[in-house]
Structures are given as structure tokens and as C-alpha cells.
Amino acid sequence: MNRRRFLQTSSLAGAALAFGARPAWSATADAHVEVLLDESIGRIAPEIYGQFTEQLGGVIYDGVWVGEDSSIPNIHGIRKQIVDRMRQIHVPVVRWPGGCFADSYDWRDGVGARKDRPTRTNFWADDPDAARLKGNAVQAYETNAFGTDEFMRFCHLSGAEPYLASNLRSLPALEFSRWVEYCNSPAGSTTLAKQRATNGSAAPYDVKYWGVGNESWGCGGNFEPEEYAEEFRRFTTWVPHYGVPLSFVGSGPNDNNLEWTNGFFEALRRKNYMPRELHGWSVHYYTWNLSMGATNDWVAGKRDALDFDEAGWYELFLQGLYMEEIVRAQWGLLGEFDPSRNIKLVVDEYGAWYKPGTQLDPTHLLGQQVTLRDALLTAMTLDIFNRHAEKVGMAACAQLANCLNSLFFTHEDKFITTPVFHVFDMYAAHQGAQSLRANFSSPQVHYLRNGKPATLAGLLGSASMRGKIVTLTATNPDLKQSKLTEIALRGSARIASAEASVLTDTDMHAHNTFAQPDAVQLKKLAVDVQGDRLHVTIPPASVSRITVQLA
Ligand code: AHR
């Protein structure tokens, strides 16, 4: 082994280690991970592993919804393969119908007999990407074939909670209350409950999670934070509960915009209005600017999903890891307004966003291929959420199928899973477990960023414990170096056994296609147990999960 400079990349960067003497590490290991079994950060909300489905491009039409008359295997029109795979990874919550679409959507258009539902212009019809659409494509002219009842069935079949995003820009507050009434009023109690019964569900849907607008600083109304606060008060005052513990999610900042957060909560404070149902503050952060500092232009800053070099590989992670700073900063500011910490962060849109051109079908607006690089970015993001389990209450990957950072690609009867799906499969073990403090140390990775040296942590991850099972997940972004990693569990427990799996490939561009659906898939990884230590060789460009059974 070469002499290397080791850098402490603690899960609490810069923080002093929260324990006394360090264990003696083996001199031959390239990286070390110390898991502190007695230091819980908090319970990892299963909802952190949520998904996002917008009425956009191929997400719903061609993705989730194939129609009841389709020859594609379906359950009441919903693609069966998606439902089965969502169950496999225990998707806890699904957000719908947007995104930007939500603030143009009238929920009444999507209920009742399908043949009577109106066709409307979809929010995305004028997106530059929509120029590819031909004729009366449903992606441009929304038929409303998939509405509230279909979405509820989709959630029910998938085992997920629904999270509805309401229209704050173009519908009055009364319609928000009425949507809640349609979904939640008891069987037979109201006209809308009777309508719901006619539409297939006498029993209420008991929807708990309600987004109050989406991106209200942008497509959701171009509001100032104070204006949004006024609308928020109007929308959320005296919404009927019907015995359901409603959980409202406020439309939070893009990126790390602290002025938006501050302006909104200051305005609520001035009115002494802080509803107990306000449990979430949304954050949207996409990793899109891969220009390495050359521009901040939304179009010019984007790069290709498939065509990238080594610097492009590392740059995605450098940009994506900014999520940790956002979580810390937004949480810090929230604390000034909500000292009792009733309000958690809800990162309900995240993932890589590339320039158009790699979509699997022209109707898949904002569609892009998903490579091993995106799997590492997603894993790093989920590890951040795990490490900040006391701060992040819910999240949603954007978006489930045929879009940005997708888990599934479908077209007509074809269906495949992507490397991002495999990450959610591996990481499902963290859901509901106690997040543990863990310290990762390894040599940094170096690359040239527009001719200037840049560095990244050499190994990142998170750990959790449920009963006698410890789960450790780790990403090795290094394209060349495998890392012989020594893992020590600090605490009184003994290791009974361990196993590991890994997602990797020798080609950083590796991805699945309809022709090669399993080009990237999970493999077993050897783990060696010696006393209270584990040794595992973590390959370059990989995501790993190590599962430890305690005695
Ligand atoms: O996920 C695509 C779009 O990105 C969403 O509709 C919007 O909320 C965000 O800007």
C-alpha cells in the first residue's frame, strides 16, 4: 500500500469525535469506519424513502397508468410491474400530482366517469422539451384519465401513503378544503363522500400529507415569501380534519434560499400564526449545474446524462453533496421559529437533472438515462438524510418513472429498473431504524475542476440499527481505487455474522436499457469478520451495503 494522507471525513464534518480513545486501526486498511452503537441520532423516518409522480411526460401516462383495457399486465389500469417493484423496496409515500403541474390542476377534472372527464392543456405543454410531442399527445393535452381515485388505488396497491400537492396558485382555498373533504369525509357524510363512493370508495382515503402549493416562489405563483405566507394562512385556517392527523407541508425554498424561509416564517410570526398541522417545510434541490463554475445559467449549466468524463463524474457528487449544507442551514434557521421542532424538512424533489437527449421515448418529457453515477449520487443523498434523521422528516426522489433520476423505465409493454432502483432496494433496510453516529475516514479523491484541483471525501455513508441488525451503507466515488475498509463497531455488542452487497461496474457510464435490462445489478460482496472488526474491500465507483447481525 502506498503512503497516503488520511483525512477524517466524519459524518459530522468538522465536529470533534464524540468518544474517548480511538480503537487501534490496522495499518494495512485504506479506509476506516467507526460505528457508535450507543449514539443514536434519531429514528430514520421511513418517509425519507418516498417517491414523486407528476402528471408530466411519461411518468403517469406510459409509466404508472396503462389503462384498464390494456394488454400490459395491470391492476385496474395501473402497471403491475411498477406496483410489484414498489412493494419490493417498501415505498412509504408517493407525492402527486406535481410539481409545477399541481398549481394548474383542478382535482374535480380527475374524478367521476372517465369518459366524462374534460381534456385540458397540461402545464408542461409549452416546455421546450414538449416540441417533440406529436398531435394530441396526452402529455400536452391532459385527458384526466388518471385522477384522485386512480392515484389512491396506486398508493394502496403499492403499500404507500398518498401525499397530495394542492393548487394554491389558481384555485381558491375553498377548493383545497373540498379536496380534503372528497378524500377524507366519512362514508355517506357529505355530498363529496357520496360522490367518492360512486367513484369506487365509500371508505375515506384518510390522506394525511398535504402540500400547500409547490414552488410558490416560481411556477407556483411567483410569490414573495410574505405573499405566500398570506395565502398559506388562508389555505390552512380551519381545514376540516375528519379525525385524520393532517400534516401540512409548506412550499419551501429552492436550493438553500434562506431569505424565502426567513420571509415566510417571519410573516407567520407577525400574525402569531403557527398551525399545529404544519409539520413539513419542503426543500427542492436538483444537481444540475455541471459547468464546473463556468455559468449559472439553467440551460447552459446542464450536461449530458451519458456523455461525461472523469471530471464530470466527480463534479456531480461535489454539487450533489451540497445537500448536506442545505439541510444544516435550513434546519438551523427553522429552529429560530420553531424551537419545539415540530416542523421537519421535507426534501420532496431531488436528483440529477441533465440536458435533454437521452430520454427512452420522445413522449418522456424531462426524460433522461440513469447511470451508475446517478446511483452513487442518490446513495450519497440518502446517506445525508440518514445522518440528519432528526431533521429530515420526509423526502421524494424526482421522479419515479421515465423522467429525472427515475427508478423505472417503461414504454408500452417494456419495463426495466434502473441503478437508482437498486439503491432504494439496498437502502430500504434503513427505514424506521435508529440512525447511528458513524465516522468515516479515508484518503480524499482529487480531480481537476476547470484546470484547478478539487477534492471529494473518499468514502461516505451512514449507519443504522434495528434490534440486533446494524446496516451500514457506503459510497466509494473513487474511479480507480478500491478501499480495503476496516469497520469497527463501538459498544457492548458482539458481531455474530455479516454479509454485504454492492452495485458497481468497471464502466462509469454503465446503465440499463430495454435490450440489456440487467447490465447494472446488485452483487454479493465478501466480508471478513474478526472479533469486533469487519473487513471489506469496497470496489471503485460503488455503492455498498453491509448488514451486521449482532449476537
Ligand atoms: O420535477 C420537475 C419539476 O421540477 C417540478 O415540476 C417542479 O416542482 C420542479 O421545478
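Details of the structure are given in the entry above.
Since this is a predicted model, take the numbers as computed values, not measurements.

(A) Expanded view of the overall build of the protein chain. Along the protein chain, the regular secondary structure elements total 10 helices and 27 strands. A compact globule built from 551 residues should have a C-alpha radius of gyration of about 24 Å, and the protein chain, at 23 Å, falls within 12% of that. Overall, the protein chain is about 70 × 55 × 50 Å in size when its C-alpha atoms are taken along their principal axes. Buried positions account for 62% of the 551 residues belonging to the protein chain. For the protein chain, contacts bridging at least 24 residues in sequence account for 78% of all contacts bridging at least 6. Only carbon and sulfur atoms are counted for the fraction: they give 50% of the accessible area of the protein chain, which is about 20700 Å². For the protein chain, the centre of its 52 positive side-chain charges and the centre of its 61 negative side-chain charges are spaced 4 Å apart.

(B) Expanded view of the side chain of Thr236. Tracing the sequence through the fold places Thr236 in helix α5 (residues 225-236). Ignoring sequence-local partners within four residues, the contact set of Thr236 consists of Val212, Phe248, Tyr273 and Pro275.

(C) Broad picture of the site of the ligand. Within the structure, the ligand sits among 13 residues, and Glu54, Cys100, Glu215, Tyr286 and Glu349 are positioned closest to it. Between Asn214 and the ligand, the recorded distance is 3.1 Å, taken from a side-chain N or O atom to an oxygen atom. Measuring from an oxygen atom of the ligand, one finds a side-chain N or O atom of Tyr286 at 2.7 Å. Summarising the interface, the protein chains cover 93% of the accessible area of the ligand, which totals 280 Å² for the free molecule. Taken together, the residues of the shell around the ligand break down into seven nonpolar, three polar and three charged.

(D) Structural view of unusual backbone geometry. Look at the link from Gly98 to Gly99: it is a cis peptide, with omega at 10 degrees. Its place among the elements puts Gly99 in the loop between β6 (93-96) and β7 (120-121). At the junction of Ala398 and Gln399, the peptide bond is cis and its omega measures out at -5 degrees in the coordinates. You can see Gln399 is positioned in the loop between β14 (392-398) and β15 (408-411). Residues other than glycine seldom take positive phi values, yet Asn402 does so here, at roughly 60 degrees. With respect to the element layout, Asn402 can be found in the loop between β14 and β15. Phi at Asn450 takes a positive value of approximately 50 degrees, unusual for a residue other than glycine. Residue position: Asn450 is located in the loop between β18 (445-449) and β19 (452-456).

(E) Examining the state of the cysteines more closely. Counted according to the given criterion, the structure contains one disulfide. As a non-bridged cysteine, Cys397 has Cys403 as the owner of its nearest cysteine sulfur, 10 Å distant. In this structure Cys397 comes out as buried when scored by relative accessible area, which is 0%.

(F) Looking closely at the pairing of β15. Burial along β15 is two-sided: the residues Phe408 and Thr410 and Phe409 and His411 are all buried. In terms of strand pairing, β15 meets strand β16 (residues 414-417) through four bridges, oriented antiparallel. From the neighbouring strand, Thr410 faces β16, where its bridge partner is Phe415.

(G) Inspection of the nonpolar core at higher detail. Judged by nonpolar contacts, the single largest core of 143 residues is most densely connected at Phe154, Trp210, Trp313 and Phe385. The residues contacting Phe154, other than those within four sequence positions of it, are Thr53, Val64, Ile78, Ile82, Val83, Met86, Val94, Phe146 and Leu400. Core analysis: the next-biggest nonpolar cluster, separate from the first, contains 26 residues, Val33, Ala474, Ala500 and Leu550 among them.

(H) Local environment of the side chain of Lys302. By the secondary structure assignment, Lys302 is in the loop between β12 (278-287) and α7 (310-320). An unpaired buried charge is present at Lys302: no salt bridge exists, and Asp297, the closest side chain of opposite charge, is 7.7 Å distant. When neighbours within four sequence positions are excluded, Lys302 is seen to be in contact with Trp288, Trp353, Tyr354 and Lys355.

(I) Quick peek at the sheet that holds β12. Strand order in this closed barrel of eight strands is β3-β6-β9-β10-β11-β12-β13-β14, and the pairing throughout is parallel. Sheet twist, expressed as the average angle between the axes of neighbouring strands with direction ignored, equals 25 degrees. Pairing geometry for strand β11 (residues 247-250) and β12, over three bridges, is parallel. The partner of Phe248 across the bridge, within β12, is Leu278. The strands touched by helix α2 (residues 148-158) are β6 and β9 (161-165); relative to β9, the strand with the most contacts, the crossing angle is about 145 degrees.

(J) View of helix α9 (residues 372-387). In this model, α9 (16 residues) spans 23 Å end to end at C-alpha, consistent with the 22 Å of a helix rising 1.5 Å per residue. Most of α9 sits inside the fold, with 16 of its 16 residues counted as buried. Two or three places before Arg373, at the start of α9, stands the capping residue Thr371, its side-chain oxygen 3.1 Å from that residue's backbone nitrogen.

Scoring rules and cut-offs
Residues numbered from 1 in each chain as written. Predicted model: local features only at pLDDT ≥ 70, side-chain atom pairs only at ≥ 80, totals over all residues. Heavy atoms only, no water. Helix = DSSP H or I, 4+ residues; strand = E, 2+ residues; numbered from the N terminus. Rg over C-alpha atoms; globule rule 2.2 N^0.38 Å. Buried < 20%, exposed > 50% of the residue type's maximum accessible area, 1.4 Å probe, protein only. Contact = heavy atoms within 4.5 Å. Areas by Shrake-Rupley, 256 points an atom, 1.4 Å probe, with all protein chains shown as cover. Lys, Arg positive; Asp, Glu negative; His and termini not counted. Charge placed at Lys NZ, Arg CZ, Asp CG, Glu CD. Near = heavy atom within 4 Å. Polar contact = N/O pair within 3.5 Å; in protein donor to acceptor, adjacent residues only side chain to side chain. Nonpolar A, V, L, I, M, F, W, Y, C, P; charged D, E, K, R; others polar. Disulfide = S-S within 2.5 Å. Pairing = 2+ DSSP bridges. Core = buried A, V, L, I, M, F, W, Y, C linked by side-chain atoms within 4.5 Å. Salt bridge = Lys/Arg side-chain N within 4 Å of Asp/Glu carboxyl O. Axes fitted to C-alpha atoms, helices over the stretch in contact; angles between N-to-C directions. Expected span 1.5 Å × (residues − 1).

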